[in-house]
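Survey of secondary and tertiary structure
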Amino acid sequence: ARALLVLDEVMTGFRLHRGGATGLWSLEPDLLTFGKVLGGGLPAAAYGGPAGLMGLVAPEGPVYQAGTLSGNPLATAAGLATLSLLDDAAYRHLDDLAATLADGLRDAFADAGTRARVQRAGNLFSVFMTTEEVGDDEAARRQDTAAYARFFHAMLDRGVYLPPSAFEAWFVSTVLTDAEVDRVLTAAQEAARLADVPAQPSSR
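Along each chain, residue indices are assigned from 1 in the same order as the chain's sequence is written. Reporting of local features is limited, given that this is a predicted model, to residues whose pLDDT is at least 70; pairs of side-chain atoms are given and counted only at 80 or more, and all residues count toward the totals for whole chains, interfaces and linings. Side-chain measures were taken over the full set of non-hydrogen atoms in the model, leaving aside hydrogen atoms and water.

Note on soluble globular proteins: their nonpolar side chains tend to be buried together. Grouped together as the largest cluster of nonpolar side chains are 36 residues, with contacts concentrated most on L105, F125, F151 and M155. When residues of this core are assigned to their parent elements, the largest contribution, 10 residues, is made by helix α4 (residues 88-112). Residue contacts for F125: discarding those within four places in its chain leaves A98, L101, A102, L105, V118, Q119, R120, A169, W170 and V172. Working definition of a nonpolar core: buried Ala, Val, Leu, Ile, Met, Phe, Trp, Tyr and Cys residues. They are joined through side-chain atoms within 4.5 Å. Only protein chains enter the calculation, and the probe is 1.4 Å; a residue is then buried if its accessible area is under 20% of its type maximum, exposed if over 50%, and partly exposed in between. The numbering of helices and of strands both runs from the N terminus, where a helix is a DSSP run of H or I of at least 4 residues and a strand a run of E of at least 2. What makes two residues a contact is simply this: any of their non-hydrogen atoms within 4.5 Å.

This is the structure:
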């Protein structure tokens with residue numbers, strides 16, 4: 001039996017790399033899917049592939065497809081404007097920001113003696129409260145999510161709003177400066193120590 005390889009680029013398309021994960025790792029999927037990053041953050045979605053497959057979709061072929069926001073002009077214009085700004089320099093800047101933050105977070109956790117792992121792919125990275133390499137959902141679920149919650153709230157108390165879930169990736173923006181990066185890493189030096197300290201039970 002044959003099957004199509006469909007690559008979900010909803011998170012990675014045009015964010016991780018100009019060619020998404022497909023371009024970054026020289027992959028050869030049959031079909032690609034994209035989400036709102038395609039619309040500069042506005043509601044948009046798309047899928048694409050070679051003409052032989054796309055020709056199967058109506059009106060050329062027998063496969064019916066429709067969407068409420070198909071061809072939405074506002075999202076299309078926003079997406080084109082965003083993509084026009086994402087040149088090689090912008091992607092290098094995003095990669096550098098992510099590398100600096102990921103390395104700084106690793107140092108903060110190491111200095112605090114906190115069990116945590118920071119994994120990065122291009123300008124996307126995640127913090128997992130475990131010393132185990134996380135390569136799949138099962139490994140991610142074995143982490144200490146309570147420790148991540150303590151880290152999240154300690155960072156929030158210091159004015160840094162992180163992804164609230166221990167299973168989310170961290171995104172960086174081209175507008176971030178060294179000042180914001182320093183603020184995040186300064187807060188992380190303190191918050192990393194609190195992540196490994198379970199809340200004390202109530203005396204009541």
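That covers the picture; the talk isn't over yet.
Before going further, it helps to spend a moment on the pattern of salt bridges. Here, a salt bridge means any side-chain nitrogen of Lys or Arg that lies within 4 Å of a carboxyl oxygen of Asp or Glu. Across all of its chains, the model carries six salt bridges by this definition. With its nearest N and O atoms 2.3 Å apart, the salt bridge here joins R142 to E132. Within this pair, whereas R142 is found in the loop between α5 (137-141) and α6 (145-157), its partner E132 is found in the loop between β5 (124-128) and α5, the two being separated by 10 residues in sequence. By relative accessible area, R142 is classed as partly exposed at 46%. Here E132 falls in the partly exposed class, since its relative accessible area comes to 29%. The partner of D137 in a salt bridge is R141, with the nearest N and O atoms 2.9 Å apart. With D137 and R141 both in helix α5 and four residues apart, this pair spans about one turn of that helix. When its relative accessible area of 48% is taken as the criterion, D137 is described as partly exposed.

With three bridges joining them, strand β1 (residues 6-8) and strand β2 (residues 31-34) adopt parallel strand pairing. When the sheet's bridge partners are listed, L7 is paired in β2 with L32. Two strands pair if DSSP finds at least two bridges between them. Where β2 meets strand β3 (residues 46-48), three bridges bridge the pair, whose relative direction is antiparallel. Across the sheet, residue F34 finds its bridge partner in β3, namely A46.

As a further point, take the packing of α4 against helix α7 (residues 178-195). The relative placement of two packed helices is expressed as an angle between their axes plus a distance between the axes. In this analysis, axes come from line fits to C-alpha atoms, helices being fitted only over the stretch in contact, and the angle between any two N-to-C directions falls in the range 0 to 180 degrees. At a closest axis distance of 8 Å, the pairing of α4 and α7 adopts a crossing angle of 25°. Between α4 and α7, the angle falls in the class roughly parallel. In this structure, α4 meets α7 at a crossing whose hand is right-handed. Only V181, V184, L185, A188, Q189, A192 and R193 of α7 make contact with α4, whose side of the interface consists of L97, T100, L101, G104, L105, A108, F109, D111 and A112. The nonpolar class holds Ala, Val, Leu, Ile, Met, Phe, Trp, Tyr, Cys and Pro. Asp, Glu, Lys and Arg form the charged class, and all remaining residues, Gly among them, are polar. Of the residues contributing to the contact of α4 with α7, the split by class is 11 nonpolar, three polar and two charged. The cut-offs work like this: below 35 degrees is roughly parallel, past 145 is roughly antiparallel, 65 to 115 is roughly perpendicular, and the gaps in between are oblique. A crossing counts as left-handed when the near helix is turned anticlockwise from the far one by less than a right angle, and as right-handed when that turn is clockwise.

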